[in-house]
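Chains, contacts and geometry: an overview
Single-letter residue listing:
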Amino acid sequence: MATIDGRPAQYGISLKQLRELMEHRGREGVIKIAEIGGIHELCKKLYTSPNEGLSGSKADEDHRRETFGSNVIPPKPPKTFLTLVWEALQDVTLIILEVAALVSLGLSFYKPADEDAPVLQEEEEHHGWIEGLAILISVIVVVIVTAFNDYSKERQFRGLQNRIEGEHKFSVIRGGEVCQISVGDILVGDIAQVKYGDLLPADGCLIQSNDLKVDESSLTGESDHVKKGPDVDPMVLSGTHVMEGSGKMVVTAVGVNSQAGIIFTLLGAAVDEQEAEIKKMKKGESDGRSQIKGSQAPSQRQTTTSEVTKSESEGNHLPQSSSSAAAETGHKKEKSVLQAKLTKLAIQIGYAGSTIAVLTVIILIIQFCIKTFVIDERPWKNTYANNLVKHLIIGVTVLVVAVPEGLPLAVTLSLAYSVKKMMKDNNLVRHLDACETMGNATAICSDKTGTLTTNRMTVVQSYICEKLCKVLPTLSDIPQHVGNLITMGISVNSAYTSNIMAGHNPGDLPIQVGNKTECALLGFVQGLGVKYQSIRDEITEDKFTRVYTFNSVRKSMGTVIPRPNGGYRLYTKGASEIIMKKCAFIYGHEGTLEKFTREMQERLIREVIEPMACDGLRTISVAYRDFVPGKAAINEVHIDGEPNWDDEENIMTNLTCLCVVGIEDPVRPEVPDAIRKCQRAGITVRMVTGDNINTARSIASKCGILRPNDDFLILEGKEFNRRIRDSNGDIQQHLIDKVWPKLRVLARSSPTDKYTLVKGIIDSTVSENREVVAVTGDGTNDGPALKKADVGFAMGIAGTDVAKEASDIILTDDNFSSIVKAVMWGRNVYDSIAKFLQFQLTVNVVAVIVAFIGACAVQDSPLKAVQMLWVNLIMDTLASLALATEFPTPDLLLRKPYGRTKPLISRTMMKNILGQALYQLIIIFGLLFVGDVILDIESGRGQELNAGPTQHFTIIFNTFVMMTLFNEINARKIHGQRNVIEGLLTNPIFYTIWIFTMISQVLIIQYGKMAFSTKALSLDQWLWCIFFGIGTLVWGQLITSVPTRKLPKILSWGRGHPEEYTDGMNLGEERFDSIDSDKKPRAGQILWIRGLTRLQTQVIGGELQERLIPVPYSKSNTDQAIRVVNAFRQGLDARYGDHTNTSLAEVLRKQTSLSKRLSETSSIEYADNIPDELTIPEIDVERLSSHSHTETAV
C-alpha cells in the first residue's frame, strides 16, 4: 500500500464526502460529525492532530494539494490587448470619423464624367485619398494609445491585487508550533486558530471554541451573528467574519471546494451564461438549464441552494420575498468629490462642443450651397458629395477636439501613478478614488493605540498588596500565593494566540504577536521570572470551562478553569475602573485578604489609577473568584452543581482584586511632527479612543492634538451622548453641530459613538465648505465608521480583516505619519488634474473658436481634420501623461483643503485659461487675415476645397501647436506662481514627452505634405512660429500680475454640492430599473458581477465609474458577495423550482436590489446586539443603521 510521509496515501474521507459534510448547518452539522465518529475521528481520517497540526513536510503538503486542491480561486483571465482595442473603437465620435473617412476615401476614387474639370484638378485628385487615409491612421493611433493605457492600467491593478492578496496571513499549527502562513498555503487538514476580527480563508469544523460568534451575512444575507461551537454549530465557512470569541478548527475545504469557492465558480458560469443569453436573447428553459453547469451537476446544485434556503427558514428567519424589490430605494457608493465635479464639467463641455460642431457643419454646408448653386448657378454634380463629406469631417473633428476625452484618462493615469508611488509610502490604496478624496480631507478622526502610539506595550508600574512599584518588582517582593495567582491568572486568561517571541537577532527586542495589551502582561509575567508557556502547556485550551471574550461593551475578559480539588476558578482582567466596581476583596499588606470598601476603591482610583492615567498609562486590573463545592472561605462561593455560566452578572461579582498594572504605549516619535503638518495644512486631528480620559488627555497633549491656549473639548462617550441627544434619546444634528467643532478627544468611546461622530461631521452644514472626514480604525467594530467616512484607513499590522475590508486605504506600517503622505499625494492628484484641465480647456477653446470662425469667415477651417486629431493627441493623451505624473512637493501642505464645494476651476485658473486663449486667438486670427501680407507669402484663404496645402495655413497650424506646447509649461502651476520652470527637471516623463512632441511636430511640418495638409517652412518662418510660441510664457507672466481677487466669482467653474448632480449621474443606472423585465439588461448589470472576479473599468455614459480594486475572495467585498449570493440562491430557486421563464439576468437584477437593501442595514447592526451601558433607546440605533446607508451622504 502506497504511503506518504509514513502514512497511508488514501485518506479516510473523500473530497466529495467533505463537501457534502460542509453543506449542513446547526444541529444537522453536529449530527453529521457525530456520524463520522466525532471531530477527533475526522482529524484522524485527515491524518492530522488537533494539538500538533500537520507535520509540515513537503511530500505531505503536495499530496494534500493534489487530493483536495489549493486555497486559491483562479481569477478571470485579464482582457487581451485586442479586446481593449475593440473597446476603444466603440467611441461614438471615433466611429463617425471612421465612417466619414471611409466615405471620403471612396469618393476620392470615384471619378464621374466631368467635362469642365480643369487639368489642374486632375493633378490634385491623385492626392484626394490621402486625407481620408490620414484620418483613418490617426484614429488608429488614438485607439492604440487608449488601449495601451487601459492595458497597463489593468496590469498595475492586478499587481496591486496580488500584493493585497499576499498581505493576508493566517495562524495555523504545524508540527506543534503556531505559525503565520499566507492564506493561499492553507491545506485541508490544517489546524487553524480562529480569533476575533478574522476573515475566515477556508471552510472547517470547530475542535473547540470560546464564545465564538460569526457574521455569516456574506453567505446568507442574515445580519444576526451566528453562535458557533462544537456542540451548537460546528461548521465555519470561508468568507465569513469572526465577530467575537476564539477557537480552533480543522480545515475541511479550500479554494473552489469551499462554500465561497462554489459560489464563485457558479458566479463565473452565470456571468458567461448571462452573456450568452444576452447575445442570443432566447429564453428557452432547456437551453438555459444546460448552460449552468458550474462545478457540480445541476441536480446537486439544486439541493445545495434549497438546503441553504431551508436551513435559513428553519432559523426562523423569513425567506426574503422578491416582491419588495420594487420598493428598492437604491444606495450607490457616492462619487468622490473630484469625480462628481469632473463629470459635471465633462457634460457641460460636451454640450458646448457638440453645439459648435453642429453649427460649423451647417454653416459650411449652407455657405457652399449658396455659393455654388445660387451665386454661381451651377448644376448638381456627383463630385460635390465629396465636398459635403469634407465639411462633415471638419465638424466631427471640432467635436473630437471639444470633447475632453482625455479627462478620464488623466484622472486614471494620475490616480494609478499615485497609487503606485503611495505603496512606497506605506499606503496600500484599495479604492482608487480614496487617494484623491484624501487631498480634500478637512478632519481626521484617529485611533490612539498603534496609530499615534507605537503599539509596543510594556508594563512600567504595578500596584500589588498596597505597594506601588515604578519599576518591575521581582517575584520575591510579592507574597507567594498572590504571585502564583497573578502569574496563573495572566497566563491562562489571555488568548493563546498572544505570544512573545525572541527577536530575529540576539540584540533585538522580543516580538509581540497577537493582542499587544496581553503581550505586555505576559512580558510582566516573564519579568517576574515565570515561564507563562509552561503554565499554558499544563492548562490547555480544551480544559477551559468557559471563556468570556473581550469586547467593547465588557471591556474585560474572563476565563473559567476547573480547580484541581473540585469546583471552578474564574480569572478576569480588564479596564481597571470597570473591574474595581466588581471587586469586594483585595490583597492588602503582606498578602492579607481585606474587604474592599467603597472608600478604599475611591482612594485607590484617586491615588493609583488616576496618576497612572495622567502619565499616559493604560491601567489594567487582574482579579479572580473561586467557586467551591465544600466549605467556602470569605471570598469564595459555595456551589452544589455547576453554576449558570450564562448569568454573567452574578458570576462576575464579588471578585478579589490581585493587582493593578500601568501599561505604557509610547507616542511614535514622528507623530507630533505629522500632526503639526496636518494642522498647518488646515486639517483638524481628533483622537477617538476607548482608553480612559486621563490617559487620552496625556497622549493627546504629547502628540500636539491639544495645544495650550486653544479652545477645545475633551469628552467621554457618556457625556458626548448626553450632549447630542434630545429628551427622547434621539441624535439631533443641531446638537452634534454644537459639539464637534471644538471636540478634540473622545475617550471611553464605543464604536457607535465613533460612527455617530463621523456621520455627524460629514452631514454637518456648519462649515462653509462642508467637511471631508478621514477615519482610522483597526478593530472589527470600527467597520461602520470606516465605511461611513469619506476615506477609511485600516491598520495593516494590527488591523483585523473586517476593518481592512471596510477601509479604502491600508496603512502598511500602522503609522499616522503615513496619513500625511496620503494627504500630500491626494492633493497632488487634485492639482495634477487641475493642471491638465487648465491646459486642455485653453486648447479646446482656441481650436473650437478657430474652426468655427474660420468656417464662417473663410468657408474652410484653418486647422484641417488630421491636424486637429494630432492636436487632440498632444493635448489629450500625451499631456495627460506629462501633467498627471508630477511629483508632490511639501508646499502642497501649506494651503488649506479645498473641501467639497470649492469650484474645480478656480478664478486663477480661469484667468489663465481665458488670458492664454485670448493671446492665441489674436495671434491665429492675425495670421489668418493679415499673416500672408506680413510674412509675404501666398494667401491660403478662399482656396478650392481640393487645392493643395499652403504655407499660409501651415504657419497657422505650426504656430498653434507651438503656443500649445509652451502653454503646457505654463500649465504646470495653477496657484498663480511666477516660476513655471521650477521642478521641471524632476519630472523626466514631462520633458521626454515635450521633446518628443516637438520633434514630431518638426517632422509633420517638413515632411507631412498632403497627409497632414502641410507645406515645408523656411527657417525664417519657423523662427516666427517659435517666437509666437515663447510669447505665451511672457504673456503668462503678464496674466499672473492681474489680481485674481478683482475677478467676478462667476468665473470659477464646477462648483456646487456634489449631490446636486449625483442624481444626474445615476440616471444611467436608474433608467434600467423602469424597463420591463423582458427587455435586454444593460451591460452594466453584468459588469457589477464581473467586478467581483476581475477588474472592470468602464466609462458609461460619460460617467467615470469608480475604479474599485476588488479584493480577492478571501477578502471579498462583503456587501457585494451578499448581493450575489442571495441573488443566486433565489435566482436558481426561481429557475429550477418554479420553472418560470424569467431570464437569470432578470432574477439576478431583482434580487440584487433586494439583497442590497437588506445588506445595507447589516453593516452596523451589531451596534444593537450589544446592550450599551448608556441604555440608548433601541429604536435609535436601528434608525441610525437604516439611515446610514440610504441617506446620500455627500
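On to the overall build of the protein, then. Looking only at helices and strands, one finds 41 helices and 31 strands in the protein. The buried share of the protein, reckoned over its 1194 residues, is 59%. A separation threshold of at least 6 residues defines the contact pool for the protein, and within that pool the share at least 24 residues apart is 76%. For the protein, the exposed surface amounts to about 47800 Å²; the carbon and sulfur share of it is 58%.

Let us now look at the pairing of strand S27 (residues 773-777). Extensive coverage of S27 is indicated by the burial of five of its five residues. Side-chain alternation along S27 places Val 773, Val 775 and Gly 777 on one buried face and Ala 774 and Thr 776 on a second face that is also buried. Where strand S11 (residues 443-446) and S27 come together, three bridges link them in parallel fashion. The partner of Cys 445 across the bridge, within S27, is Val 775. Examined bridge by bridge, S27 and strand S28 (residues 791-795) share four bridges and lie parallel to one another. If you follow Thr 776 over to S28, its bridge partner there is Phe 793. Following the chain from S27 across helix H28 (residues 783-788) to the adjacent parallel S28, one finds a crossover that is right-handed.

Below, the discussion takes up the packing of helix H14 (residues 384-402) against helix H30 (residues 816-858). Running from N to C, H14 and H30 point in directions that differ by 165°, and their axes come no closer than 9 Å. When the interaxial angle is binned, H14 and H30 end up roughly antiparallel. Crossing of H14 against H30: the hand is left-handed. Contact with H14, carried on its side by Val 398, Val 401 and Ala 402, involves Asn 844, Ala 847, Val 848 and Ala 851 of H30 and no other residues of that element. Looking at the contact of H14 with H30 residue by residue, the class counts come to six nonpolar, one polar and no charged.

Turning next to the packing of aromatic side chains. Under the definition given, this model contains 17 aromatic pairs. Their ring planes at 85° and their centres at 5.9 Å tell us that Phe 81 and Tyr 151 sit as a pair that is edge-to-face. Residue Phe 81 is located in helix H5 (residues 81-88), and its partner Tyr 151 is located in helix H8 (residues 128-167); the two are separated by 70 residues in the primary sequence. A residue is classified by how much of its surface remains accessible, and Phe 81, at 30% relative accessible area, is partly exposed. Between the aromatic rings of Trp 1024 and Phe 1027, the centroid separation amounts to 6.0 Å while the plane-to-plane angle is 85°, which identifies the pairing as edge-to-face. Highlighted residues: Trp 1024 and Phe 1027, both in helix H35 (residues 1019-1041), separated by three residues, approximately one helical turn. Judged by relative accessible area, Trp 1024 falls into the partly exposed class, the value being 37%.

What follows deals with a nonpolar patch on the surface. A surface patch of nonpolar side chains, about 540 Å² in accessible area, is lined by Val 358, Ile 362, Ile 366, Ile 370, Val 374 and Ile 375. Take Val 374: its relative accessible area is 53%, and that puts it in the exposed class.

With five of six residues buried, strand S3 (residues 169-174) lies mostly within the body of the structure. Taking the residues that link successive antiparallel strands as the turn, the S3-strand S4 (residues 177-182) hairpin has two residues, and the phi of Gly 175 there is positive, at about 60°. Two elements, S3 and strand S5 (residues 191-195), share two bridges in a ladder whose sense is antiparallel. Within the sheet, the bridge partner assigned to Val 172 lies in S5 and is Ala 192.

The next thing to look at is the nonpolar core. Ranked by size, the top nonpolar core spans 146 residues in total, and within it Ile 135, Met 438, Phe 793 and Phe 816 carry the most contacts. Of all the elements, H30 adds the most residues to this core, at 22 residues. Not counting the four nearest positions on each side in its chain, Phe 816 is found in contact with Ile 444, Ser 446, Thr 451, Leu 452, Val 671, Ala 674, Ile 675, Cys 678 and Val 685. Within the second largest apolar cluster, 39 residues are counted, among which are Leu 18, Ile 181, Ile 191 and Val 214.

Turning our eyes to something else, we now look at the environment of Ile 639. As for its placement among the helices and strands, Ile 639 is situated in the loop between strand S22 (636-638) and helix H22 (648-651). Distance from Ile 639 to Val 628, taken between C-alpha atoms, is 5.9 Å for residues 11 residues apart in sequence. The contacts of Ile 639, once residues within four sequence positions are left out, are Tyr 568, Phe 627, Val 628 and Pro 629.

Moving on to helix H18 (residues 516-527). Under the 1.5 Å per step criterion, the end-to-end length of H18 is 16 Å for 12 residues, consistent within 8% with the ideal 16 Å. Extensive coverage of H18 is indicated by the burial of nine of its 12 residues. Of the residues making up H18, those classed as buried are Lys 516, Thr 517, Glu 518, Cys 519, Ala 520, Leu 521, Leu 522, Phe 524 and Val 525. A distance of 2.8 Å separates the backbone nitrogen of Thr 517 from a side-chain oxygen at the start of H18, and that oxygen is part of Asn 515.

Okay, the pattern of salt bridges next. A side chain with one charge may pair with a side chain of the opposite charge, provided their charged atoms come close. Considering all chains together, one arrives at 37 salt bridges under this definition. Ionic pairing is found between Asp 62 and Arg 65, a salt bridge with its closest N-O pair at 3.6 Å. Of this pair, Asp 62 and Arg 65 both sit in helix H4 (residues 58-68), three residues apart, which is roughly one turn of the helix. Taken together, the shared-partner salt bridges connect Asp 211, Arg 546, Arg 554, Asp 646 and Glu 648 into one network.

With that settled, the discussion passes to the state of the cysteines. Applying the stated rule across the entire model yields zero disulfides. In this structure Cys 583 is not part of a disulfide, and its nearest cysteine sulfur, from Cys 657, lies 4.7 Å away.

With that settled, consider the side chain of Arg 744. Positionally, Arg 744 belongs in strand S26 (residues 743-747). We note that Arg 744 is buried and unpaired, the nearest opposite charge coming from Asp 710 at a distance of 5.6 Å. With residues up to four places along the chain from it excluded, the contact list for Arg 744 reads Thr 684, Val 685, Arg 686, Met 687, Ile 705, Leu 706, Phe 712 and Leu 713.

A word on the sheet that holds strand S10 (residues 427-429). If you trace the eight strands from one edge of the open sheet to the other, you get S10-S29-S28-S27-S11-S24-S26-S25, paired in mixed fashion. Bordering the open sheet on either side are S10 and strand S25 (713-716), each of which pairs with just one other strand. Strand-to-strand twist in this sheet, taken as the mean axis angle between neighbours without regard to direction, amounts to 20°. With respect to the sheet, helix H16 (residues 432-439) is in contact with S10, S11, S27, S28 and strand S29 (809-811), its orientation differing from that of S28 by roughly 110°.

Relative to the elements of secondary structure, Gln 977 occurs in the loop between helix H33 (951-970) and helix H34 (988-1007). What makes Gln 977 partly exposed here is its relative accessible area of 34%. Put simply, Gln 977 and Thr 1040 are 63 residues apart on the chain and 7.6 Å apart in space, counted from C-alpha to C-alpha. One polar contact links the side chain of Gln 977 to the main-chain amide nitrogen of His 975, over a distance of 3.0 Å.

Before going further, it helps to examine the side chain of Arg 972. You can see Arg 972 is positioned in the loop between H33 and H34. Separated by 3.4 Å, the side chain of Arg 972 and the backbone oxygen of Gly 983 make a polar contact. Those residues in contact with Arg 972, other than ones at most four positions away along the chain, are Lys 835, Leu 883, Glu 886, Val 980, Ile 981, Glu 982, Gly 983, Leu 984 and Phe 990.

Along an α-helix, residues three or four positions apart point the same way, because every turn accommodates 3.6 residues. Between its terminal C-alpha atoms helix H17 (residues 480-492) stretches 18 Å, which fits the 18 Å expected from 13 residues at 1.5 Å a residue. Along H17, the residues classified as buried are Val 482, Gly 483, Leu 485, Ile 486, Thr 487, Gly 489, Ile 490, Ser 491 and Val 492.

Let's shift gears to unusual backbone geometry. Positive phi, normally seen in glycine, also occurs at Cys 465, with a value near 50°. Among the secondary structure elements, Cys 465 is positioned in the loop between strand S12 (458-464) and strand S13 (467-469). Look at Cys 465 and you get buried, because its relative accessible area is 7%. Located in the positive-phi region is Arg 748, a residue other than glycine, with phi close to 45°. One can find Arg 748 in the loop between S26 and helix H27 (751-763). In this structure Arg 748 comes out as buried when scored by relative accessible area, which is 17%.

What counts as what
Residues numbered from 1 in each chain as written. Predicted model: local features only at pLDDT ≥ 70, side-chain atom pairs only at ≥ 80, totals over all residues. Heavy atoms only, no water. Helix = DSSP H or I, 4+ residues; strand = E, 2+ residues; numbered from the N terminus. Buried < 20%, exposed > 50% of the residue type's maximum accessible area, 1.4 Å probe, protein only. Contact = heavy atoms within 4.5 Å. Areas by Shrake-Rupley, 256 points an atom, 1.4 Å probe, with all protein chains shown as cover. Pairing = 2+ DSSP bridges. Right-handed = clockwise from strand over helix to strand, strands pointing away. Axes fitted to C-alpha atoms, helices over the stretch in contact; angles between N-to-C directions. Parallel < 35°, antiparallel > 145°, perpendicular 65-115°, else oblique. Left-handed = near helix turned anticlockwise from the far one by under 90°. Nonpolar A, V, L, I, M, F, W, Y, C, P; charged D, E, K, R; others polar. Phe/Tyr/Trp six-rings, centres within 6.5 Å; stacked < 30°, edge-to-face > 60°. Patch = residues over 30% accessible without salt bridge, like charges linked within 9 Å, V, L, I, M, F, W, Y side chains within 5 Å. Salt bridge = Lys/Arg side-chain N within 4 Å of Asp/Glu carboxyl O. Core = buried A, V, L, I, M, F, W, Y, C linked by side-chain atoms within 4.5 Å. Expected span 1.5 Å × (residues − 1). Polar contact = N/O pair within 3.5 Å; in protein donor to acceptor, adjacent residues only side chain to side chain. Disulfide = S-S within 2.5 Å. Lys, Arg positive; Asp, Glu negative; His and termini not counted.

Limitation: the analysis is restricted to geometry and does not speak to function.
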